[in-house]
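# Structure assessment
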Amino acid sequence: MAFEFNGKTYEADEDGYLLNLEDWSEDVANYIASTEEVEMTPAHWEVVNFLREYYEEYKIAPMIKILIKAMKNKFGPEKGNNAYLYELYPSGPAKQACKIAGLPKPTGCV
Amino acid sequence: MAKEKIEAPKLTGKIETPRIQPGASLACQHHKANEQFLTGLGYPSSLVENWQEKAIAKMGELLNKYKSLKLYLDICVRCGACADKCQFYLGTGDPKNTPVGRQELFRKVYRRYFTPAGKLLGNLAGAEDFTEEVLKEWYVYFHHCSQCRRCCVACPYGIDTAEISMAAREIMHSIGLGTKYVDEIILKVFNFGNNLGMQPKAIKNSLDFCEDEMKEAYEEKGIMDIDVKIPMDVEGAEVLLVVPSADFFASPHIESLLGYAKVFYQAGISWTLSSYASEAGNFGMFIGSYDGMQKVASRIGQAVRDLKVKRLVIGECGHAYRIAYSFWNTLIGPFDTLDKRYPIPQHICEFTYDLIKRGALRLDKEANDEFVVTYHDSCNIARATRMGDMPGGQFEIPRSIIKACCNKFVDMPQETIRENTFCCGGGAGLLTDEMMDIRIKGAMPRMQALKQVIDSHGVNFFALICAICKAQFTKIFPAYGLSMDMVGGVHQLVSRAIVLGAKE
């Protein structure tokens, strides 16, 4: 299921996850976020950037606890918790944030 | 696209049998497996041209191979005892989600091509040609079955719908038709050793992080000499622990992993995980693929040999334990090198319970005093396995562990627990976003039973021993207006209660 954005066609899976990592850009991320009704703030970008850096190294998104810790170190305990991540990404930080970060959807019993 | 919000049934505490609504869940369909996944598993890359002929031939092959399948198809008297036992019927009202309705999709094709009456009289004998329409219904409704076998307990003849749905999925795969969710995952296990496709370096990083977290938490309490390790790939360890890979990644799964590690630490028994056999789950069973199941399981047999362990223990994963308990000996056995004094394989709950019974663990129940706990029996463990050496051990042992760790425990109504337990609504390949509608509706009976004990006893912790259950309930609790923080593992409770260090 491809989608069109700014005159370019992007290959995506049935749920709108980009198929090619290199297609990702901040503009595309903003576009995907808009289809998810997420408005990107600096805190949203912090999550997306962390996921992308982690993926680069480990070829998978981090487990949620690692992400929470990273947010805690950056923004303090009020924002370093699961509830805050769900505030940012109501459909779930793992799946929705991965989608906006241009990473594949995590598979398995998650 | 932002999805429409799915309306969850209202929580009333009552499980009501719905009015029949034909086709109510027909639209809820899995994404299909693409060429890459199908060929990766050795199936045709897409629906083959002569699919009808191939499917009937495959059905004939399975009828010869599995006598039970033929028996189940022949003996149903349509008494209807199963009809209101399926959570997917109770949640949707779709008559093809009753077990007998689901079986009938298979049975009418079987009659048409394999029984004299069906061959001769067709429709009059309840037979039907295997048409494209019928195949479409097979694809929908055999993937709406979570293979939980609740109907099998209600059936006076013991007809096992799970076996029929596995056969249907096997037939569909043989003609190039599968679901993306399950097939992609099986291929990931073939290639990487686990459902998530996690590479050893990523697993190691998660484990290191968990070790640091545990150490920090103890240090915050002023306990400086406790350093719990989560070892991986240690040759010569006493125990190989195989867990669902979600335990390395997801919440609340990870909390149980910490619990296992603390139990091993306190017991002083050397143990290891394996980066090669990094998945307890085995989705091969969901599609009735014996070969797939064997290939997935073979990694565990290999790890037992490579790491030269003496014992094999399974973490909190429902269908994994069914496969371990019922199939491993045939698939990857015999386990001649393992210590015969212990169950082969052993469930982590048996392992922990044994230590509790022997007084080897100190458990501070007050650490869980903020919780009123109930326990959901996972379908595969409840109806396809045994723990310990007494009948019903699979029901008693997890409850005994919880009671040893918590002051406040209450069971949900009897008709919804133990062998009568409901499926979480996410089993056997349903745990994917596009199936959210039926996942939410299929969870209805369990949610109503839970609602009763929330109202009567203030239950606020829902304890589980299955990775699929954990992921499913974490997702659907909010749809029912409940907090996902209520969902957790049995060993999560152990992790909080266990007192580490030398005995006083």
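Counting restarts for each chain: residues are numbered from 1 in the order of the written sequence. Chains and ligands are labelled sequentially in the order written, the chains with letters from A and the ligands with numbers from 1. Selection of residues for local features in this predicted model requires a pLDDT of at least 70, selection of side-chain atom pairs for listing and counting requires 80 or more, and totals for whole chains, interfaces and linings are taken over all residues.

### Quick look at the sheet that holds strand 3 (residues 311–314) of chain B
All names here are of chain B.
- For two strands to pair, DSSP has to find at least two bridges joining them. By definition, any uninterrupted DSSP run of H or I lasting at least four residues is a helix, any uninterrupted run of E lasting at least two residues is a strand, and each is numbered from the N terminus. Reading across the sheet, the 4 strands line up as 2-1-3-4 and stay open at both edges, with parallel pairing between neighbours. Each of the sheet's edge strands pairs with one partner strand only, and the pair in question is strand 2 (271–272) and strand 4 (346–347).
- Pairing of strand 1 (residues 239–242) with strand 2 involves 2 bridges; the strand directions are parallel. Counterpart to valine 239 in the pairing with strand 2 is tryptophan 271.

### A look at the interface of chain A and chain B
- What counts as a contact is two residues whose backbone-derived C-beta atoms lie within 7 Å of each other. Across the boundary between the two partners, chain A contributes 19 residues, which contact 30 residues of chain B.
- Ranked by residue count, the leading element in the side of chain A that touches chain B is helix 3 (residues 64–75) of chain A, at 3 residues.
- Polar here means any residue other than Ala, Val, Leu, Ile, Met, Phe, Trp, Tyr, Cys and Pro, which are nonpolar, and Asp, Glu, Lys and Arg, which are charged; Gly is therefore polar. Of the residues contributing to the side of chain A that touches chain B, the split by class is 8 nonpolar, 5 polar and 6 charged.

### Considering the pairing of strand 7 (residues 461–464) of chain B
Residue and element names in this part refer to chain B.
- Think of it as a crowd count around each C-beta: if 20 or more other C-beta atoms lie within 10 Å the residue is buried, if 12 or fewer it is exposed, and in between it is partly exposed, with C-beta placed from the backbone throughout. Residues of strand 7 alternate between two faces, with Phe461 and Ala463 on one and Phe462 and Leu464 on the opposite face, all of them buried.
- Looking at chain direction, strand 6 (residues 373–375) and strand 7 are connected through 3 bridges and run parallel. Bridge pairing in strand 7 links valine 373 to phenylalanine 461.
- Two strands pair when backbone bridges link them, and strand 7 and strand 8 (residues 487–489) are joined in this way by 3 bridges, in the parallel orientation. Looking at the pairing, leucine 464 lines up with glycine 489 of strand 8.

### Examining the UniProt feature "active site" (unreviewed entry) in chain A
- UniProt positions are given in the numbering used here, feature names are shortened, and annotations may be inferred rather than shown by experiment. As annotated by UniProt and renumbered to match this structure, "active site" (unreviewed entry) occupies Cys109 of chain A.
- Position of cysteine 109 of chain A relative to the elements: it lies in the segment after helix 5 (93–100).
- When the 30 C-beta atoms within 10 Å are taken as the criterion, cysteine 109 of chain A is described as buried.
- Setting aside its immediate chain neighbours within four residues, cysteine 109 of chain A contacts Asn195, Pro244, Ala246, Gly281, Leu431, Ala467, Ile468 and Ala471 of chain B.

### What about the domain arrangement of chain B?
All names here are of chain B.
- For chain B, the assigned domains read domain 1 (44–177) and domain 2 (187–499).
- Distance between the C-alpha centres of domain 1 and domain 2: 32 Å.
- Of the residues lining the interface, 19 residues belong to domain 1; the matching set on domain 2 comes to 21 residues.
- Secondary-structure elements contributing two or more residues to the side of domain 1 that touches domain 2 are helix 4 (87–92), helix 8 (150–154) and helix 9 (161–174). Segmentation of the chain into domains, including their bounds, is taken from an automatic or database domain assignment.

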